[in-house]
Amino acid sequence: MQILDGIKLSKEIKNEIKSLVESYKEQGKRAPHLGAILVGNDGASRTYVDNKIKDCKFVGFESSELILEDTISQEELIAKIQEWNNDANLDGFIVQLPLPKHIDQEAVINAIDPNKDVDGFHPMNFGKMALEMETFLPATPYGIMEMLERYEVPTAGKHTVVIGRSRIVGRPMSILMSKNGNPGNSTVTITHSKTEDLAKYTKEADIVITALGVPEFLKADMVKDGVVIVDVGITRVDDPTSPKGFKLAGDVDFENVKEKASWITPVPGGVGPMTRAMLLKNTLLAYNRNNK
Ligand code: GUN
(Lines give C-alpha, C1' and ligand atoms only; values in the text may rest on other atoms or scores of the structure.)
Protein backbone atom coordinates (compact mmCIF):
# COMPACT_ATOMS: atom_id res chain seq x y z
CA MET A 1 0.00 0.00 0.00
CA GLN A 2 1.28 3.44 -0.92
CA ILE A 3 -0.03 6.73 0.43
CA LEU A 4 -1.10 9.47 -1.96
CA ASP A 5 0.40 12.24 0.13
CA GLY A 6 -1.45 15.48 -0.51
CA ILE A 7 0.59 17.43 2.02
CA LYS A 8 3.91 16.61 0.37
CA LEU A 9 2.61 17.11 -3.15
CA SER A 10 0.79 20.36 -2.43
CA LYS A 11 3.98 21.74 -0.85
CA GLU A 12 5.87 20.91 -4.03
CA ILE A 13 3.21 22.63 -6.14
CA LYS A 14 3.07 25.67 -3.88
CA ASN A 15 6.87 25.97 -4.02
CA GLU A 16 6.74 25.78 -7.83
CA ILE A 17 4.17 28.60 -7.86
CA LYS A 18 6.19 30.61 -5.35
CA SER A 19 9.29 30.43 -7.59
CA LEU A 20 7.24 31.50 -10.61
CA VAL A 21 5.80 34.48 -8.74
CA GLU A 22 9.29 35.48 -7.61
CA SER A 23 10.45 35.41 -11.24
CA TYR A 24 7.47 37.58 -12.30
CA LYS A 25 8.31 40.10 -9.61
CA GLU A 26 11.98 40.14 -10.70
CA GLN A 27 10.73 41.01 -14.19
CA GLY A 28 8.88 43.99 -12.68
CA LYS A 29 5.43 42.42 -13.08
CA ARG A 30 2.68 42.64 -10.46
CA ALA A 31 1.74 39.58 -8.39
CA PRO A 32 -1.32 37.44 -9.20
CA HIS A 33 -4.32 38.51 -7.11
CA LEU A 34 -7.04 36.22 -5.70
CA GLY A 35 -10.20 37.34 -3.91
CA ALA A 36 -12.56 35.42 -1.62
CA ILE A 37 -16.08 36.33 -0.58
CA LEU A 38 -17.52 34.73 2.56
CA VAL A 39 -21.16 35.22 3.50
CA GLY A 40 -21.96 34.53 7.14
CA ASN A 41 -19.96 32.85 9.85
CA ASP A 42 -19.96 29.09 9.26
CA GLY A 43 -16.92 27.68 11.08
CA ALA A 44 -15.76 25.31 8.35
CA SER A 45 -16.23 27.91 5.58
CA ARG A 46 -14.31 30.46 7.63
CA THR A 47 -11.41 28.02 8.00
CA TYR A 48 -11.43 27.24 4.26
CA VAL A 49 -11.31 30.94 3.36
CA ASP A 50 -8.59 31.67 5.96
CA ASN A 51 -6.52 28.85 4.49
CA LYS A 52 -6.95 30.18 0.95
CA ILE A 53 -5.68 33.60 2.08
CA LYS A 54 -2.79 31.95 3.96
CA ASP A 55 -1.81 30.06 0.80
CA CYS A 56 -1.80 33.32 -1.20
CA LYS A 57 0.62 34.85 1.30
CA PHE A 58 2.88 31.79 1.09
CA VAL A 59 3.24 31.87 -2.70
CA GLY A 60 3.46 35.68 -2.90
CA PHE A 61 0.00 36.33 -4.37
CA GLU A 62 -1.98 39.37 -3.40
CA SER A 63 -5.29 38.50 -1.75
CA SER A 64 -8.54 40.25 -0.90
CA GLU A 65 -11.16 39.01 1.48
CA LEU A 66 -14.72 40.25 1.77
CA ILE A 67 -16.76 39.02 4.73
CA LEU A 68 -20.46 39.80 4.48
CA GLU A 69 -23.28 39.46 7.00
CA ASP A 70 -25.53 36.45 6.43
CA THR A 71 -28.46 38.87 6.25
CA ILE A 72 -27.14 40.39 3.01
CA SER A 73 -29.66 40.31 0.16
CA GLN A 74 -28.98 38.45 -3.06
CA GLU A 75 -29.00 41.77 -4.96
CA GLU A 76 -26.40 43.30 -2.66
CA LEU A 77 -24.18 40.22 -2.97
CA ILE A 78 -24.45 40.27 -6.76
CA ALA A 79 -23.60 43.99 -6.75
CA LYS A 80 -20.37 43.16 -4.85
CA ILE A 81 -19.60 40.43 -7.37
CA GLN A 82 -20.06 42.89 -10.21
CA GLU A 83 -17.65 45.29 -8.51
CA TRP A 84 -15.06 42.53 -8.39
CA ASN A 85 -15.81 41.47 -11.98
CA ASN A 86 -14.87 45.02 -13.01
CA ASP A 87 -11.75 45.29 -10.85
CA ALA A 88 -8.83 45.09 -13.26
CA ASN A 89 -6.40 44.40 -10.42
CA LEU A 90 -8.17 41.18 -9.41
CA ASP A 91 -7.33 38.12 -11.53
CA GLY A 92 -9.91 35.80 -10.05
CA PHE A 93 -12.16 35.27 -7.07
CA ILE A 94 -14.35 32.73 -5.35
CA VAL A 95 -17.60 32.94 -3.45
CA GLN A 96 -17.37 30.38 -0.66
CA LEU A 97 -20.25 27.87 -0.65
CA PRO A 98 -22.69 27.05 0.84
CA LEU A 99 -24.59 30.34 0.86
CA PRO A 100 -27.46 31.23 3.25
CA LYS A 101 -30.79 29.68 2.23
CA HIS A 102 -32.39 32.95 1.09
CA ILE A 103 -29.72 33.35 -1.63
CA ASP A 104 -30.01 31.51 -4.93
CA GLN A 105 -26.62 29.85 -5.42
CA GLU A 106 -27.19 29.47 -9.14
CA ALA A 107 -27.84 33.20 -9.62
CA VAL A 108 -24.69 34.03 -7.69
CA ILE A 109 -22.46 31.67 -9.65
CA ASN A 110 -23.93 32.94 -12.92
CA ALA A 111 -23.08 36.52 -11.87
CA ILE A 112 -19.35 35.77 -11.68
CA ASP A 113 -17.38 36.74 -14.79
CA PRO A 114 -16.37 33.33 -16.26
CA ASN A 115 -12.88 34.74 -16.84
CA LYS A 116 -12.53 35.32 -13.09
CA ASP A 117 -14.30 32.15 -11.96
CA VAL A 118 -11.23 30.37 -10.58
CA ASP A 119 -13.52 27.82 -8.88
CA GLY A 120 -14.61 26.63 -12.33
CA PHE A 121 -18.26 26.62 -11.21
CA HIS A 122 -19.75 28.91 -13.90
CA PRO A 123 -21.74 26.96 -16.53
CA MET A 124 -19.45 28.28 -19.25
CA ASN A 125 -16.38 26.86 -17.53
CA PHE A 126 -18.15 23.63 -16.65
CA GLY A 127 -19.14 23.27 -20.31
CA LYS A 128 -15.61 23.95 -21.49
CA MET A 129 -14.32 21.30 -19.09
CA ALA A 130 -16.83 18.77 -20.46
CA LEU A 131 -15.67 19.61 -24.00
CA GLU A 132 -12.01 19.19 -22.99
CA MET A 133 -11.22 22.85 -23.69
CA GLU A 134 -8.69 24.74 -21.58
CA THR A 135 -10.45 26.32 -18.61
CA PHE A 136 -10.53 26.58 -14.84
CA LEU A 137 -11.20 23.11 -13.46
CA PRO A 138 -13.04 22.83 -10.12
CA ALA A 139 -10.25 22.69 -7.56
CA THR A 140 -11.01 19.35 -5.87
CA PRO A 141 -11.31 17.25 -9.06
CA TYR A 142 -8.32 19.14 -10.47
CA GLY A 143 -6.32 18.28 -7.36
CA ILE A 144 -7.21 14.61 -7.68
CA MET A 145 -6.19 14.57 -11.35
CA GLU A 146 -2.89 16.26 -10.46
CA MET A 147 -2.30 13.72 -7.70
CA LEU A 148 -2.96 10.74 -9.98
CA GLU A 149 -0.67 12.24 -12.62
CA ARG A 150 2.24 13.06 -10.32
CA TYR A 151 2.10 9.66 -8.59
CA GLU A 152 1.79 8.02 -12.03
CA VAL A 153 -1.27 6.02 -11.00
CA PRO A 154 -2.51 4.20 -14.13
CA THR A 155 -6.07 5.21 -15.09
CA ALA A 156 -6.38 4.30 -18.78
CA GLY A 157 -8.74 1.40 -19.33
CA LYS A 158 -9.42 1.14 -15.60
CA HIS A 159 -12.88 1.07 -14.10
CA THR A 160 -13.38 4.17 -11.95
CA VAL A 161 -16.38 4.31 -9.63
CA VAL A 162 -17.27 7.78 -8.40
CA ILE A 163 -19.53 7.99 -5.33
CA GLY A 164 -21.49 11.24 -5.31
CA ARG A 165 -22.78 13.46 -8.12
CA SER A 166 -22.29 16.95 -6.68
CA ARG A 167 -21.45 19.73 -9.08
CA ILE A 168 -18.28 20.53 -7.11
CA VAL A 169 -16.78 17.02 -6.94
CA GLY A 170 -18.62 13.92 -8.20
CA ARG A 171 -20.01 15.13 -11.52
CA PRO A 172 -16.84 16.94 -12.70
CA MET A 173 -14.71 14.03 -11.45
CA SER A 174 -16.67 11.60 -13.59
CA ILE A 175 -16.15 13.83 -16.64
CA LEU A 176 -12.43 14.29 -16.06
CA MET A 177 -11.73 10.58 -15.47
CA SER A 178 -13.42 9.71 -18.77
CA LYS A 179 -11.61 12.38 -20.82
CA ASN A 180 -9.27 11.42 -23.59
CA GLY A 181 -5.92 12.01 -21.86
CA ASN A 182 -3.72 11.09 -18.95
CA PRO A 183 -4.98 10.86 -16.29
CA GLY A 184 -8.29 9.87 -17.79
CA ASN A 185 -9.37 7.29 -20.33
CA SER A 186 -11.13 5.48 -17.51
CA THR A 187 -14.42 3.64 -17.85
CA VAL A 188 -16.51 5.58 -15.36
CA THR A 189 -19.51 4.62 -13.26
CA ILE A 190 -21.11 7.41 -11.26
CA THR A 191 -23.11 6.33 -8.22
CA HIS A 192 -25.27 8.39 -5.89
CA SER A 193 -27.91 8.32 -3.17
CA LYS A 194 -30.42 6.50 -5.40
CA THR A 195 -27.99 3.80 -6.54
CA GLU A 196 -29.19 0.33 -5.63
CA ASP A 197 -26.56 -2.02 -4.15
CA LEU A 198 -23.65 0.41 -4.28
CA ALA A 199 -21.19 -2.27 -3.12
CA LYS A 200 -21.88 -4.20 -6.34
CA TYR A 201 -20.14 -1.36 -8.18
CA THR A 202 -17.35 -0.59 -5.72
CA LYS A 203 -16.38 -4.30 -5.63
CA GLU A 204 -15.77 -4.14 -9.39
CA ALA A 205 -13.79 -0.88 -9.26
CA ASP A 206 -10.08 -0.43 -9.98
CA ILE A 207 -10.35 3.12 -8.67
CA VAL A 208 -12.91 4.40 -6.12
CA ILE A 209 -13.34 8.16 -5.69
CA THR A 210 -15.72 8.84 -2.85
CA ALA A 211 -17.33 12.20 -2.04
CA LEU A 212 -20.24 11.24 0.13
CA GLY A 213 -19.64 12.90 3.51
CA VAL A 214 -20.53 9.78 5.54
CA PRO A 215 -17.66 8.94 7.93
CA GLU A 216 -16.06 5.49 7.41
CA PHE A 217 -18.75 4.45 4.95
CA LEU A 218 -16.47 2.47 2.64
CA LYS A 219 -15.41 -0.81 4.27
CA ALA A 220 -12.84 -3.40 3.24
CA ASP A 221 -15.49 -5.91 2.11
CA MET A 222 -16.75 -3.36 -0.44
CA VAL A 223 -13.54 -3.19 -2.49
CA LYS A 224 -11.24 -5.58 -4.31
CA ASP A 225 -7.53 -6.21 -3.73
CA GLY A 226 -5.25 -3.64 -5.34
CA VAL A 227 -7.91 -0.92 -5.52
CA VAL A 228 -6.90 2.75 -5.69
CA ILE A 229 -8.86 4.81 -3.13
CA VAL A 230 -9.36 8.56 -3.28
CA ASP A 231 -11.29 9.85 -0.25
CA VAL A 232 -12.81 13.30 -0.69
CA GLY A 233 -15.04 13.01 2.39
CA ILE A 234 -14.13 15.38 5.18
CA THR A 235 -16.68 15.47 7.98
CA ARG A 236 -16.29 17.04 11.40
CA VAL A 237 -17.10 14.43 14.04
CA ASP A 238 -17.24 15.13 17.79
CA ASP A 239 -14.02 14.29 19.61
CA PRO A 240 -13.86 15.41 23.25
CA THR A 241 -10.15 14.46 23.40
CA SER A 242 -9.27 17.05 20.75
CA PRO A 243 -8.71 20.70 21.77
CA LYS A 244 -11.05 21.77 18.96
CA GLY A 245 -13.76 19.34 20.11
CA PHE A 246 -13.88 17.59 16.74
CA LYS A 247 -11.76 15.54 14.37
CA LEU A 248 -11.94 15.18 10.61
CA ALA A 249 -13.20 11.88 9.23
CA GLY A 250 -13.13 10.63 5.66
CA ASP A 251 -15.65 8.42 3.84
CA VAL A 252 -13.26 5.47 4.08
CA ASP A 253 -12.62 3.10 6.98
CA PHE A 254 -8.92 3.75 6.40
CA GLU A 255 -7.34 1.21 8.79
CA ASN A 256 -9.20 -1.72 7.23
CA VAL A 257 -9.32 -0.63 3.62
CA LYS A 258 -5.62 0.28 3.46
CA GLU A 259 -4.68 -3.41 3.66
CA LYS A 260 -6.38 -4.04 0.32
CA ALA A 261 -5.47 -0.81 -1.46
CA SER A 262 -2.52 -0.29 -3.80
CA TRP A 263 -2.81 3.48 -3.35
CA ILE A 264 -4.89 5.42 -0.82
CA THR A 265 -5.37 9.04 0.28
CA PRO A 266 -5.44 9.75 4.03
CA VAL A 267 -7.92 12.13 5.67
CA PRO A 268 -6.74 14.67 6.57
CA GLY A 269 -3.66 15.16 4.40
CA GLY A 270 -4.89 13.73 1.11
CA VAL A 271 -7.25 15.54 -1.23
CA GLY A 272 -7.80 18.63 0.98
CA PRO A 273 -4.35 20.20 0.59
CA MET A 274 -4.42 19.46 -3.16
CA THR A 275 -7.68 21.40 -3.50
CA ARG A 276 -6.02 24.41 -1.93
CA ALA A 277 -3.02 24.22 -4.25
CA MET A 278 -5.20 23.95 -7.37
CA LEU A 279 -7.05 27.17 -6.59
CA LEU A 280 -3.64 28.86 -6.77
CA LYS A 281 -2.94 27.18 -10.13
CA ASN A 282 -6.26 28.45 -11.49
CA THR A 283 -5.43 31.96 -10.26
CA LEU A 284 -2.09 31.70 -12.05
CA LEU A 285 -3.91 30.73 -15.25
CA ALA A 286 -6.21 33.77 -14.92
CA TYR A 287 -3.19 36.01 -14.29
CA ASN A 288 -1.32 34.68 -17.30
CA ARG A 289 -4.37 35.22 -19.51
CA ASN A 290 -4.54 38.82 -18.24
CA ASN A 291 -0.85 39.44 -18.81
CA LYS A 292 -0.41 38.10 -22.33
N1 GUN B 1 -17.34 24.90 -0.53
C2 GUN B 1 -16.83 23.65 -0.49
N3 GUN B 1 -15.88 23.51 -1.43
C4 GUN B 1 -15.79 24.69 -2.08
C5 GUN B 1 -14.99 25.15 -3.15
O6 GUN B 1 -14.15 24.44 -3.72
N7 GUN B 1 -15.20 26.44 -3.54
C8 GUN B 1 -16.12 27.23 -2.95
N9 GUN B 1 -16.27 28.47 -3.43
N10 GUN B 1 -16.89 26.82 -1.96
C11 GUN B 1 -16.71 25.56 -1.53
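Here the structure is a predicted model, which is why all the values come from computation and not from measurement.

Rules used in this analysis
- Residues numbered from 1 in each chain as written.
- Predicted model: local features only at pLDDT ≥ 70, side-chain atom pairs only at ≥ 80, totals over all residues.
- Heavy atoms only, no water.
- Axes fitted to C-alpha atoms, helices over the stretch in contact; angles between N-to-C directions.
- Helix = DSSP H or I, 4+ residues; strand = E, 2+ residues; numbered from the N terminus.
- Parallel < 35°, antiparallel > 145°, perpendicular 65-115°, else oblique.
- Contact = heavy atoms within 4.5 Å.
- Nonpolar A, V, L, I, M, F, W, Y, C, P; charged D, E, K, R; others polar.
- Near = heavy atom within 4 Å.
- Polar contact = N/O pair within 3.5 Å; in protein donor to acceptor, adjacent residues only side chain to side chain.
- Areas by Shrake-Rupley, 256 points an atom, 1.4 Å probe, with all protein chains shown as cover.
- UniProt positions renumbered as here; feature names shortened; annotations may be inferred.
- Buried < 20%, exposed > 50% of the residue type's maximum accessible area, 1.4 Å probe, protein only.
- Pairing = 2+ DSSP bridges.

Focus on the packing of helix α5 (residues 123-130) against helix α7 (residues 170-177)
Two elements in contact, α5 and α7, have axes whose closest approach is 9 Å; the angle formed by their N-to-C orientations is 30 degrees. Considering their axes alone, α5 and α7 lie roughly parallel with respect to each other. Of α7, the residues touching α5 (which contributes Phe-126, Met-129 and Ala-130) are Arg-171, Pro-172, Ile-175 and Leu-176. Considering only residue class, the contact of α5 with α7 consists of 6 nonpolar, no polar and 1 charged.

A short note on the site of the ligand
In the vicinity of the ligand, the contacting residues are Lys-52, Ile-94, Val-95, Gln-96, Leu-97, Asp-119 and Phe-121. In the model, a nitrogen atom of the ligand is placed 2.6 Å from a nitrogen or oxygen of the Asp-119 side chain. Burial of the ligand by the surrounding chains reaches 82%, relative to a free accessible area of 280 Å².

A word on the UniProt feature "domain: Tetrahydrofolate dehydrogenase/cyclohydrolase NAD(P)-binding" (unreviewed entry) in the protein chain
The residues that UniProt annotates with the feature "domain: Tetrahydrofolate dehydrogenase/cyclohydrolase NAD(P)-binding" (unreviewed entry) are residues 138-290. Regarding residues 138-290, the helix share stands at 32% and the strand share at 20%, and the terminal C-alpha atoms are separated by 20 Å.

Some points on the pairing of strand β7 (residues 207-210)
The alternating pattern of β7 places Ile-207 and Ile-209 and Val-208 and Thr-210 on opposite faces, both of which are buried. With 4 bridges connecting them, strand β5 (residues 159-163) and β7 associate as parallel partners. Looking at β7, one finds that Val-162 is bridged to Ile-209. By the bridge criterion, 4 bridges tie β7 to strand β8 (residues 227-231) in an arrangement that is parallel. Note on β8: the bridge partner recorded for Ile-209 is Val-230.

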